[in-house]
Amino acid sequence: MKKKIIAEISDITKTFGGLVALSNIDLNIKGGEIFGLIGPNGAGKTTLFNILTGMYRPTKGFFKLEDVELTRLPPHLIVKAGLARTFQNIRLFGTMTGLENVMVGCHVRTNIGVVGAILRHKGARQEEERIKDRARSLIDYVGLNASSAQAASTLSYGDQRRLEIARALATSPKVIALDEPAAGMNPTETSQLRELLVKIREDGITILLIEHDVKLVMGLCDTVAVLDYGIKIAEGTPSEIKSNPEVIRAYLGGDVP
Amino acid sequence: MSKLFLMFFGGRKNPVWVGYVFITVALIILPFLVEASMGRTWVRILDFALIYAMLALGLNIVVGFAGLLDLGYIAFYAVGAYTWALLASPQFGLHLPFWAIIPIGFVVAGIFGVLLGAPTLRLRGDYLAIVTLGFGEIVRIFLNNLDHPINITNGPVGINLIDPIQIAGVSLTKSHEILGLEFSGAHSYYYVLLFLLLATVFVCIRLENSRLGRAWVAIREDETAAQAMGINTRNVKLLAFAMGASFGGIAGGMFASFQGFVSPESFILLESIMVLCMVVLGGMGNIWGVILGTFLLAILPEVLRDVSGPIQENVLGRVWLDPESLRMVLFGLALILVMLLRPSGLWPKR
Ligand SMILES: Nc1ncnc2c1ncn2[C@@H]1O[C@H](COP(=O)(O)OP(=O)(O)OP(=O)(O)O)[C@@H](O)[C@H]1O
Ligand SMILES: [Mg+2]
């Protein structure tokens, strides 16, 4: 393997009362790849994201990003360290415009405080300009120019998903974790999304992708891991996964296309 | 006439400053117009409206921007008022000048904001409201009881003979004649309060359109998502509590010096709710809406008090409903109507 491992997930276990949502998950994600995470409903995919991003504490195990351990850090420090995410059930800042949503994403890489905000000295004005410029270019990057001045809650479903990606990119992540970005998208939107993900990978950002659209995952990902009832049942290239009997059984005996 | 109106407001050729000059002149002569048309009590009512506006703008940072429902906000008003009262009255024999007390009150109230905010950081919604309500009451009960073992606050009696603002040895509560115009205490305070209110508005606008203002709104909209965007929600929320409390503290100090007297009775729960009503009625999160809400709630009840008696006498022959209780009934009715018809306030943000 030429590519270096950027994120190391080791022995992550999470129980909710008696329910074992994840058990002893090991994943190694290489820099610059699109890593797909699939599995039936309730397999524990979102739970893993919540642990990586600091929303849940793991019962056991650790997670490292570029050899820095991030397990049990609060969410904002994990973002600062370079892991950003989107949500399965879209969580935008509804009354803010699209542009403002992305500007919030710039928060973690900027630092003007109360005094700067009130006095608006040169440094503060320049930083604010930088934030605006970056937000505009990210809006452009995900192709949302037409609707960036609208309140986020009024955008179409597909646009909201792309806006969430732009907002996450604004935190300048090394790894971006996308939780079902194609959910609820029509075929045109899905193919636009695919192009966007390829572009993000080309720009050197590693993508961790949860997705139910198997065609999208198989066509796009460099590596795929399959979870079932909190257990990793397979990991490999898309073609290996497709022919893995365990995987086929997990998907209710159905064929993986 | 319409031409004149156009010149001020509509004419595209006119620079914006014409409008500003007009507004400035109007604000400067306002107390004299009010006194001439309605009497001096109304200048005092106007002054209290300005104090309330400052208070409401402070609460708007906490509730309107950051979405933290604080039902004990009046505590910071109390802290500001007592800070002034203790530092400039015969109580301890201290008589600090106003330019020292205003910043002290700002900081002390801000510290209280952080102290009372810190334990509530994990609470959301209703739970936050209940705990802050409790804190507000605790502060008032302390003020009520800190007359023993050592007498600090004078207990329920309150503190009297508080120094007014003095500029170059001249007390602002006395009447002065300048250029043939009589400036009563209410007039002089009007200008001080107007200045402080404008400063508050300025700071609020700057904060709103900044990295921090956006972080506050993000927390209001979705705290989890805000964390996931790298916002240190703990610090940013504490900052909202501190900033809101500080403005409440300044308003409280002005209240103490203007009245010359404070007692715990002025800081009951109903006052917290009143200020919250001003914010909600006007339009949470919108600075101009909050000011509108404040003026409506500070002034309309007084108007009602003035007119409801005479109207009843003229129309019904005698006063059937005591103006004071009628005032509260109509007040409640108006709030219900507004919430039904314009749930996001009279002048909402967007
Ligand atoms: N906060 C929680 N408390 C209790 N149980 C939870 C919690 N979060 C998740 N679970 C449980 O953990 C299991 C895994 O859920 P998770 O949301 O991670 O699944 P998923 O793979 O993302 O499924 P989907 O494809 O439907 O999104 C489920 O059984 C779920 O009910
Ligand atoms: Mg999920």
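Criteria and cut-off values
- Residue numbers restart at each chain and count upward from 1, following the sequence in its written direction.
- For naming, the first written chain is A and the first written ligand is 1, with later ones following in the order written.
- Selection of residues for local features in this predicted model requires a pLDDT of at least 70, selection of side-chain atom pairs for listing and counting requires 80 or more, and totals for whole chains, interfaces and linings are taken over all residues.
- Note that water and hydrogens are dropped before the side-chain values are worked out from all heavy atoms of the structure.
- Each salt bridge in this description consists of a side-chain nitrogen of Lys or Arg and a carboxyl oxygen of Asp or Glu lying within 4 Å of one another.
- Segments assigned H or I by DSSP are reported as helices when at least four residues long, segments assigned E as strands when at least two residues long, and all are numbered from the N terminus.
- Three exposure classes are used, based on accessible area relative to the maximum for each residue type with a 1.4 Å probe and protein chains only: buried under 20%, partly exposed in between, and exposed over 50%.
- Shown as donors are all N, O and S atoms within 2.8 Å of a metal ion, widened to 3.2 Å for Na, K and Ca; because water is not in the atom set, sites may appear incomplete.
- Throughout, an axis means a line fitted to C-alpha atoms (over the contacting stretch in the case of helices), and angles, computed between N-to-C directions, take values from 0 to 180 degrees.
- Roughly parallel means an angle under 35 degrees; roughly antiparallel, over 145; roughly perpendicular, 65 to 115; everything else is oblique.
- Working rule for contacts: check all heavy atoms of both residues, and any pair within 4.5 Å makes them a contact.
- Each residue gets one label: Ala, Val, Leu, Ile, Met, Phe, Trp, Tyr, Cys and Pro are nonpolar, Asp, Glu, Lys and Arg are charged, and the others, such as Gly, are polar.
- A pair of aromatic rings is counted whenever rings of Phe, Tyr or Trp (Trp by its six-membered ring) have centres within 6.5 Å, and the orientation is called stacked for planes under 30 degrees apart, edge-to-face for over 60 and tilted otherwise.
- Charge-over-ring placement is defined geometrically: NZ (Lys) or CZ (Arg) within 6 Å of the ring centre, and within 35 degrees of the ring normal.
- Buried area is calculated as the accessible area (1.4 Å probe) missing from two parts once they are joined, with the contributions of both summed.
- In the analysis that follows, any N or O atom pair within 3.5 Å is treated as a polar contact, provided that within protein one partner can donate a hydrogen and the other can accept it, and provided that, for residues neighboring in sequence, both atoms belong to side chains.
- At least two DSSP bridges between two strands are required for those strands to pair.
- Residues are counted as near a molecule or strand when any one of their heavy atoms sits within 4 Å of it.
- Computed with the Shrake-Rupley method and a 1.4 Å probe, the accessible areas treat only the protein chains shown as cover for residues.
- Residue ranges assigned to each domain were obtained from an automatic or database domain assignment.
- What a helix should span is 1.5 Å times the count of its residues minus one.
- The term bend refers to the angle at a residue between two fitted axes, each drawn through seven residues, those ending there and those starting there.
- As used here, the term nonpolar core means buried Ala, Val, Leu, Ile, Met, Phe, Trp, Tyr and Cys residues forming a set that is joined through side-chain atoms within 4.5 Å.

## What about the pattern of salt bridges?
Move 1: This model, assessed by the stated rule, comprises 15 salt bridges over all chains.
Move 2: In this structure, lysine 174 of chain A and glutamate 66 of chain A form a salt bridge, with 3.1 Å as the shortest nitrogen-oxygen distance. Of this pair, lysine 174 of chain A sits in the loop between α6 (157–169) and β7 (175–179) while glutamate 66 of chain A is found in the loop between β4 (60–65) and β5 (68–69), placing the two residues 108 residues apart along the sequence.
Move 3: Given the relative accessible area of 35%, lysine 174 of chain A is considered partly exposed.
Move 4: Judged by its relative accessible area of 39%, glutamate 66 of chain A falls in the partly exposed class.
Move 5: Note that aspartate 222 of chain B is salt-bridged to arginine 91 of chain A, the shortest N-O span being 2.7 Å. One end of the pair, aspartate 222 of chain B, is in the loop between α8 (211–221) and α9 (223–228); the other, arginine 91 of chain A, is in the loop between β6 (83–85) and α3 (98–105), on a second chain.

## Some remarks on the coordination of the magnesium ion (ligand 2)
Residue and element names in this part refer to chain A.
Move 1: Distances from the magnesium ion (ligand 2) to its protein donors, namely Thr46 (OG1) and Gln88 (OE1), fall within the range 1.9 to 2.1 Å. Linking threonine 46 in helix α1 (residues 45–52) with glutamine 88 in the loop between β6 and α3, this pair joins segments that are 42 residues apart in sequence.
Move 2: Under the relative-accessibility criterion, glutamine 88 is labelled partly exposed at 32%.

## As for the packing of helix α4 (residues 74–87) of chain B against helix α6 (residues 125–145) of chain B
Residue and element names in this part refer to chain B.
Move 1: Their axes nearest at 9 Å, the elements α4 and α6 cross at an angle of 30 degrees. Taken as axis vectors, α4 and α6 run roughly parallel relative to one another. Of the residues in α6, those in contact with Ala75, Ala78, Val79 and Tyr82 of α4 are Gly136, Val139 and Leu143.
Move 2: Residues that form the contact of α4 with α6 fall into these classes: six nonpolar, one polar and no charged.

## Things to note about the packing of aromatic side chains
Move 1: For the structure on display, the rule yields twelve aromatic pairs over all chains.
Move 2: Between phenylalanine 48 of chain B and phenylalanine 255 of chain B, the aromatic rings sit 6.2 Å apart at their centres with planes inclined by 65 degrees, giving edge-to-face as the arrangement. Here phenylalanine 48 of chain B is found in helix α3 (residues 40–65), whereas its partner phenylalanine 255 of chain B is found in helix α10 (residues 233–259), with 207 residues between them in sequence. Each member of the pair, phenylalanine 48 of chain B as well as phenylalanine 255 of chain B, carries the same accessibility label: buried.
Move 3: Taking the centre distance of 5.7 Å and the plane angle of 75 degrees together, the rings of tyrosine 77 of chain B and phenylalanine 267 of chain B count as edge-to-face. Placement of the pair is tyrosine 77 of chain B in helix α4 and phenylalanine 267 of chain B in the loop between α10 and α11 (269–282), with a sequence separation of 190 residues. Phenylalanine 267 of chain B carries the same exposure label as tyrosine 77 of chain B, and that label is buried.
Move 4: In textbook terms, an aromatic cluster arises when at least three aromatic residues are bridged by ring pairs, as seen for Phe48, Tyr77, Tyr82, Tyr189, Phe255, Phe258 and Phe267 of chain B.
Move 5: The aromatic ring of phenylalanine 87 of chain A is capped on one face by arginine 91 of chain A, whose charged end is 5.5 Å from the ring centroid.
Move 6: Lying over the aromatic face of phenylalanine 93 of chain A, arginine 167 of chain A brings its terminal NZ or CZ to 4.7 Å of the ring centre.

## Describing the interface of chain A and chain B
Move 1: With 34 residues of chain A at the contact, the number on the chain B side is 28 residues.
Move 2: Between chain A and chain B the total buried area reaches about 2,700 Å² when both faces are included, carbon and sulfur atoms providing 62% of it.
Move 3: Of all residues in chain A, the largest losses of buried area upon contact with chain B belong to Phe93, His107 and Ile118 of chain A, amounting jointly to 23% of the total for that side.
Move 4: On inspection of chain A and its partner chain B, the count reaches two salt bridges.
Move 5: The salt bridge involving glutamate 128 of chain A is made with arginine 214 of chain B; its shortest N-O contact spans 2.7 Å.
Move 6: Inspection of the region where chain A meets chain B yields ten residue pairs in polar contact (both at pLDDT 80 or more).
Move 7: Split by residue class, the side of chain A that touches chain B holds 17 nonpolar, ten polar and seven charged.

## What to know about the sheet that holds β6 of chain A
Residue and element names in this part refer to chain A.
Move 1: Taken in spatial order, the six strands make up an open sheet running β6-β7-β8-β3-β9-β10, and their pairing is mixed. Here the strands that pair on one side only, and so sit at the sheet edges, are β6 and β10 (231–236). Strand-to-strand twist of the sheet, defined as the mean angle between neighbouring strand axes without regard to direction, takes the value 20 degrees.
Move 2: Inspection of the sheet shows β6 paired to β7 by three bridges, in the parallel sense. Pairing of alanine 84 across the sheet is with isoleucine 176, part of β7.

## Some thoughts on the site of ligand 1
Residue and element names in this part refer to chain A.
Move 1: Taken together, 14 residues are adjacent to ligand 1, and Asn41, Lys45, Thr46, Thr47 and Gln88 come closest.
Move 2: Within the backbone of alanine 43, one N or O atom sits 3.2 Å away from an oxygen atom of ligand 1.
Move 3: Between ligand 1 and tyrosine 56 there is a distance of 3.0 Å, counted from a nitrogen atom to a side-chain nitrogen or oxygen.
Move 4: Starting from 630 Å² of accessible surface for ligand 1 in isolation, the protein chains cover 65%.
Move 5: Put simply, the parts of the chain that give the shell around ligand 1 at least two residues each are β2 (19–30) and α1.
Move 6: Among the elements that make up the shell around ligand 1, the one with the highest residue count is α1 (three residues).

## Looking at the domain arrangement of chain B
All names here are of chain B.
Move 1: Domain boundaries assigned for chain B yield domain 1 (1–38) and domain 2 (40–269).
Move 2: The straight-line distance from the C-alpha centre of domain 1 to that of domain 2 is 31 Å.
Move 3: Together, the buried faces of domain 1 and domain 2 total about 970 Å²; carbon and sulfur atoms form 71% of this surface.
Move 4: Looking only at domain 1, the three residues that lose the most surface to domain 2 are Pro31, Phe32 and Glu35, adding up to 53% of its buried area.

## A word on helix α12 (residues 287–316) of chain B
Residues and elements named next belong to chain B.
Move 1: Over its 30 residues, α12 runs 41 Å from end to end, which matches the ideal 44 Å to within 8%, given 1.5 Å per residue.
Move 2: In the structure, α12 departs most strongly from a straight axis at valine 307, where the bend amounts to approximately 30 degrees and where the proline proline 310 lies between one and four residues downstream.
Move 3: Remark: glycine 317 follows α12 within two positions and exhibits a positive phi of approximately 95 degrees.

## Observations concerning the nonpolar core
Move 1: Counting 107 residues, the largest nonpolar core has Ile51, Ile61, Trp84, Leu207, Trp216, Met254 and Val262 of chain B as the members making the most contacts within it.
Move 2: Per-element accounting of this core gives the leading share, 19 residues, to α3 of chain B.
Move 3: Once residues within four sequence positions are removed from consideration, leucine 207 of chain B is found in contact with Val114, Ala117 and Ile118 of chain A together with Ile61, Leu212, Gly213, Trp216 and Met243 of chain B.
Move 4: Core analysis: the second largest hydrophobic core is formed by 45 residues, Leu99, Ile139, Ala152 and Leu196 of chain A among them.

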